[in-house]
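The primary structure of each chain is shown beneath.
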Amino acid sequence: MLSNPRINDGSSAPGKKGTHDQIKFISLLRASAALLVLWDHLAGVWPTYNKRSWIPTKIVESTINHPFQISQDFGWLGVCLFFLVSGFIITHVAMRESALDFLVKRVFRIFPPLWFAILLTVFVEWFMSPTPLQPGSGSYSIKQVLLAMTLFNYLMAKNVVVSGVAWTLIIEMSFYFLMWIMLPLLRRQPLLVTTFGLIIVGAALGTRNQFGESYFVLVVTLSYVPILFIGQAIYFRWSNRCSTLTSGALITASAGEFILGTHLIQPQMLQANADGSYAVSMAYAIAIFVFVLILNNRLYFPRFLEMIADSSYSLYLLHPVVGFYVLDVLTPHMPLTLSILIATIVSIVVAFLSHKFIEEPSRKSARNLLKFAHKTRSSTKSVQ
């Protein structure tokens, strides 16, 4: 069963302690997702771009990736897991937060670590890296950097990429925005939120070529949002807000809409070839997510993975700039295997520091700001 036994009423809030432990456990999937993306970039992308061959990557590709149609050296699988976890957890927290709380916490959660990652990327590329961290990079204008820090660059027809992994954040922010505008409905009629979201994405796909290049770019972003709706549908079943049949219907509709959008916009990503199929990797991600959710706390995660889970967002943002720079510096002087190992360790350490000194203070600032706002509002009401 996917349901949470502590929740008896579909409209009630989950029990605090048990649910917190289960939500925390599900969030550990973020550690796996971050490590999968890190493997893709450090063991797959960097060696390929630099015309290097690493035997472990070749073995994994020939024995796992190619036979099982897993895309992009596990990178897309990791991204799908991130999306599913976000759809699940954001729906969970949105059930409890006011519109102001939801908005402030998401902004303070997403942007300060992103700003640090972008500034670090610009600094390394301008002053330190012997080669560009990604093709075509290294000559950013101030305007391009500022646009990247707002994510608006991913809504423009001519997109200049500063952080190569930040494209997923505009997809997350699109989902957050849909949840924010439908917060009252989410509490009263949660299933309608997913339904309306799918209708909005479907309408965008149907009009993708009618309003210019910038609108088409927006539609490309929205075409990924149904994966987060899958995480949301799983949450509704887990929290007893719908039946297994209804949840299955929402999951099927969401997966179908994502596949349709991919077929309309980038059909090559669905083809069964050496690089794998997006649809197959998404199916694996859903199966992994449900498997972990069913087993719940019967699975053991070491403390090391918990630490990575806590800093998974920073690790996701920082591993390209940190890992690629370390590889650029080390590979002329030592074996590739040792270089990748050191690049991985350094990326994890820098991510932990970012979590400790940027993410945690940012969240604390959000809480303090909200306390002040609520206190001010209460004082105003008492005076009136």
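Structure's up top.
What comes next concerns the included structure. All values derive from a computational prediction rather than experimental measurement.

**Looking at the pattern of salt bridges**
Then comes step 1: As enumerated under the stated definition, the model contains 6 salt bridges in all.
Then comes step 2: Note that Glu-306 is salt-bridged to Arg-303, the shortest N-O span being 3.1 Å. Here Glu-306 and its partner Arg-303 are both found in helix α14 (residues 303-310), 3 residues apart, which amounts to about one turn of the helix.
Then comes step 3: Glu-306 gets classed as partly exposed once you look at its relative accessible area, which sits at 22%.
Then comes step 4: Here Arg-303 falls in the exposed class, since its relative accessible area comes to 54%.
Then comes step 5: Note that Glu-360 and Lys-356 form a salt bridge whose closest N and O atoms lie 4.0 Å from each other. Taken as a pair, Glu-360 and Lys-356 lie in helix α16 (residues 336-383) at a separation of 4 residues, close to a single helical turn.
Then comes step 6: Ionic contacts of the salt-bridge type, sharing partners, join the residues Glu-97, Lys-105 and Arg-106 into one network.

**Structural notes on the environment of Ala-31**
Then comes step 1: Residue position: Ala-31 is located in helix α2 (residues 29-49).
Then comes step 2: As for Ala-31 and Ser-312, which are separated by 281 residues in sequence, their C-alpha atoms are 5.8 Å apart.

**Section: a nonpolar patch on the surface**
Then comes step 1: Taken together, the side chains of Leu-338, Leu-341, Ile-345, Val-349, Phe-352, Leu-353 and Phe-357 define a hydrophobic patch exposed on the protein surface, amounting to about 650 Å² of accessible area.
Then comes step 2: Of note, Phe-357 is situated in helix α16.
Then comes step 3: The exposed category is assigned to Phe-357, whose relative accessible area is 60%.

**Some remarks on the side chain of Glu-172**
Then comes step 1: The topology assignment puts Glu-172 in helix α7 (residues 167-181).
Then comes step 2: The charged side chain of Glu-172 is buried without a salt bridge, its nearest counter-charge being Arg-30 at 7.4 Å.
Then comes step 3: In this structure, Glu-172 is in contact with Phe-82, Phe-83, Ser-86 and Leu-228, ignoring residues within four places of it in sequence.

Rules and cut-offs
- Residues numbered from 1 in each chain as written.
- Predicted model: local features only at pLDDT ≥ 70, side-chain atom pairs only at ≥ 80, totals over all residues.
- Heavy atoms only, no water.
- Salt bridge = Lys/Arg side-chain N within 4 Å of Asp/Glu carboxyl O.
- Helix = DSSP H or I, 4+ residues; strand = E, 2+ residues; numbered from the N terminus.
- Buried < 20%, exposed > 50% of the residue type's maximum accessible area, 1.4 Å probe, protein only.
- Patch = residues over 30% accessible without salt bridge, like charges linked within 9 Å, V, L, I, M, F, W, Y side chains within 5 Å.
- Areas by Shrake-Rupley, 256 points an atom, 1.4 Å probe, with all protein chains shown as cover.
- Lys, Arg positive; Asp, Glu negative; His and termini not counted.
- Contact = heavy atoms within 4.5 Å.

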